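# Coordinate inspection notes
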Amino acid sequence: MEVIFLLIAISLILASTFLYLFFKAMKDGQFDDNYTPSIRILFDNTSKKSKKDQPSKPDSYE
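The rules behind the values
Residue positions within a chain follow its written sequence, with the count starting from 1. Two thresholds apply to this predicted model, a pLDDT of at least 70 for residue-level local features and 80 or more for giving and counting side-chain atom pairs, whereas whole-chain, interface and lining totals are computed over all residues. Only hydrogens and water are set aside when side-chain values are computed; all heavy atoms of the structure are taken into account. Secondary structure elements are defined from DSSP: runs of H or I of at least 4 residues count as helices, runs of E of at least 2 residues count as strands, and each element is numbered from the N terminus. Residue-level accessible areas treat just the shown protein chains as cover; the underlying method is Shrake-Rupley with a 1.4 Å probe. Any Lys or Arg side-chain nitrogen located within 4 Å of an Asp or Glu carboxyl oxygen qualifies as a salt bridge. For the exposure calls, accessible area comes from a 1.4 Å probe over protein chains only, and a residue counts as buried if that area is under 20% of its type's maximum, exposed if over 50%, partly exposed in between. Paired rings are identified among Phe, Tyr and Trp, the last through its six-membered ring, by centres lying within 6.5 Å, and are further divided according to the angle between planes into stacked (under 30 degrees), edge-to-face (over 60) and tilted (the rest). Two distance rules govern patches: like charges are joined within 9 Å, and nonpolar side chains (Val, Leu, Ile, Met, Phe, Trp, Tyr) within 5 Å, applied only to residues with over 30% relative accessible area and no salt bridge. The length a helix should cover is 1.5 Å for every residue beyond the first.

## As for the overall build of the protein chain
A tally of helices and strands in the protein chain yields 2 helices and 0 strands. Of the roughly 6800 Å² that the protein chain leaves accessible, carbon and sulfur atoms contribute 63%.

Have a look at this one:
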């Protein structure tokens, strides 16, 4: 029974440490994406036309 209390205490300390480090990293801006907005203009974002908007092709060339 004493082992369970010890493991719970260790897991709470470990979880609170990871939570503290996560919030510290968020505050420092580690997860900010500064690269993607600068290259977003390079990608083509035009929507594709549906099949009924495209001109039909003839089945045979007679």
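## A look at the pattern of salt bridges
Overall, the coordinates contain 1 salt bridge when judged by the stated rule. Taking the shortest distance from any N to any O, the salt bridge between aspartate 28 and lysine 24 comes out at 3.6 Å. Here aspartate 28 and its partner lysine 24 are both found in helix H1 (residues 2-28), 4 residues apart, which amounts to about one turn of the helix. Classification of aspartate 28 as exposed rests on a relative accessible area of 56%.

## Quick word on the packing of aromatic side chains
Summed over the entire model, instances satisfying the criterion amount to 2 aromatic pairs. Here a set of aromatic residues connected by ring pairs shows up, and it is made of Phe22, Phe23 and Phe31.

## So, a nonpolar patch on the surface
A cluster of nonpolar residues, Met1, Ile4, Phe5, Ile8 and Leu12, forms a patch on the protein surface that exposes about 580 Å² of accessible area. Checked against the element boundaries, phenylalanine 5 lands in helix H1.

## Remarks on H1
Every α-helical turn comprises 3.6 residues, leaving residues that sit three or four positions apart pointing alike. Between its first and last C-alpha atoms H1 spans 39 Å; for 27 residues at 1.5 Å apiece the expected length is 39 Å, and the two agree. Just downstream of H1 lies glycine 29, where phi reads positive at about 85°.

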